[in-house]
Amino acid sequence: MNPSTAPAPTALDRDPEAVEQLIARVLSRAHRTMEAQGSPDEARAILHIAESFADELATLDPRFDRLQFMKDVTEDPS
């Protein structure tokens, strides 16, 4: 890739915590939607995906708070 055509850094590039929060927010919304639709298998599948993300994020950052991430995915923000 030519450096002159590389995309400009975004806030997500500079703030790994923002990436974690974005992922948790998207997964949380999907999980709540599946629960509201009465789709327990799909809701459970989303939790498995969240666990996979948590595993990867923990590998990348030893300070990553896996428990808090999963709470963010499963708790209703209201």
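Cut-offs used in this document
- Residues numbered from 1 in each chain as written.
- Predicted model: local features only at pLDDT ≥ 70, side-chain atom pairs only at ≥ 80, totals over all residues.
- Heavy atoms only, no water.
- Helix = DSSP H or I, 4+ residues; strand = E, 2+ residues; numbered from the N terminus.
- Buried < 20%, exposed > 50% of the residue type's maximum accessible area, 1.4 Å probe, protein only.
- Contact = heavy atoms within 4.5 Å.
- Areas by Shrake-Rupley, 256 points an atom, 1.4 Å probe, with all protein chains shown as cover.
- Core = buried A, V, L, I, M, F, W, Y, C linked by side-chain atoms within 4.5 Å.
- Salt bridge = Lys/Arg side-chain N within 4 Å of Asp/Glu carboxyl O.
- Expected span 1.5 Å × (residues − 1).
- 1 Å grid on protein atoms, 1.4 Å probe; cavity = no way out; pocket = protein on both sides within 12 Å on 5 of 7 lines; lining within 4 Å.
- Points joined across faces, edges and corners; volume = space filled by probe spheres on them.
- Nonpolar A, V, L, I, M, F, W, Y, C, P; charged D, E, K, R; others polar.

Caption draft 1: Seen up close, the overall build of the protein chain. What the protein chain contains, in helices and strands, is 4 helices and 0 strands. N-terminal to C-terminal, the α/β element order of the protein chain is α-α-α-α. Buried residues in the protein chain amount to 24% of all 78 residues. Taking contacts inside the protein chain between residues at least 6 apart in sequence as the whole, the part at least 24 apart equals 40%. Carbon together with sulfur atoms contributes 56% to the accessible area of the protein chain, which is approximately 5,800 Å² in total.

Caption draft 2: Region of interest: the nonpolar core. Residues Leu27, Ala50, Ala54, Phe64, Phe69, Met70 and Val73 are the most contacted members of the largest nonpolar core, which totals 13 residues. Contributions of two or more residues to this core are made by helix 2 (16–36), helix 3 (40–60) and helix 4 (66–74). Discounting chain neighbours no more than four positions away, the residues touching Leu27 are Ile46, Ile49, Ala50, Phe53, Phe69 and Val73.

Caption draft 3: Focus on the pattern of salt bridges. As enumerated under the stated definition, the model contains 3 salt bridges in all. Taking the shortest distance from any N to any O, the salt bridge between Asp55 and Arg66 comes out at 2.7 Å. Taken together, the residues span a long stretch of sequence, with Asp55 in helix 3 and Arg66 in helix 4 at a distance of 11 residues. Arg66 gets classed as partly exposed once you look at its relative accessible area, which sits at 32%.

Caption draft 4: Geometry of helix 2. Taking 1.5 Å per residue, 21 residues should reach 30 Å; helix 2 reaches 30 Å between its end C-alpha atoms and fits that length. Here helix 2 has its buried residues at Ala18, Glu20, Ile23, Ala24, Leu27, Ser28, His31 and Met34. Gly38 sits one or two positions beyond helix 2 and adopts a positive phi of about 70 degrees.

Caption draft 5: The layout of surface pockets, seen in detail. Here the largest pocket defines a volume of roughly 320 Å³. Taken together, 15 residues make up the lining of the largest pocket; nearest its centre are Pro16, Glu17, Glu20, Phe64 and Asp65. Counting residues per element, the ones that place at least two in the lining of the largest pocket are helix 2, helix 3 and helix 4. The element best represented in the lining of the largest pocket is helix 2, accounting for 6 residues. Taken together, the residues of the lining of the largest pocket sort by class into 7 nonpolar, 2 polar and 6 charged.

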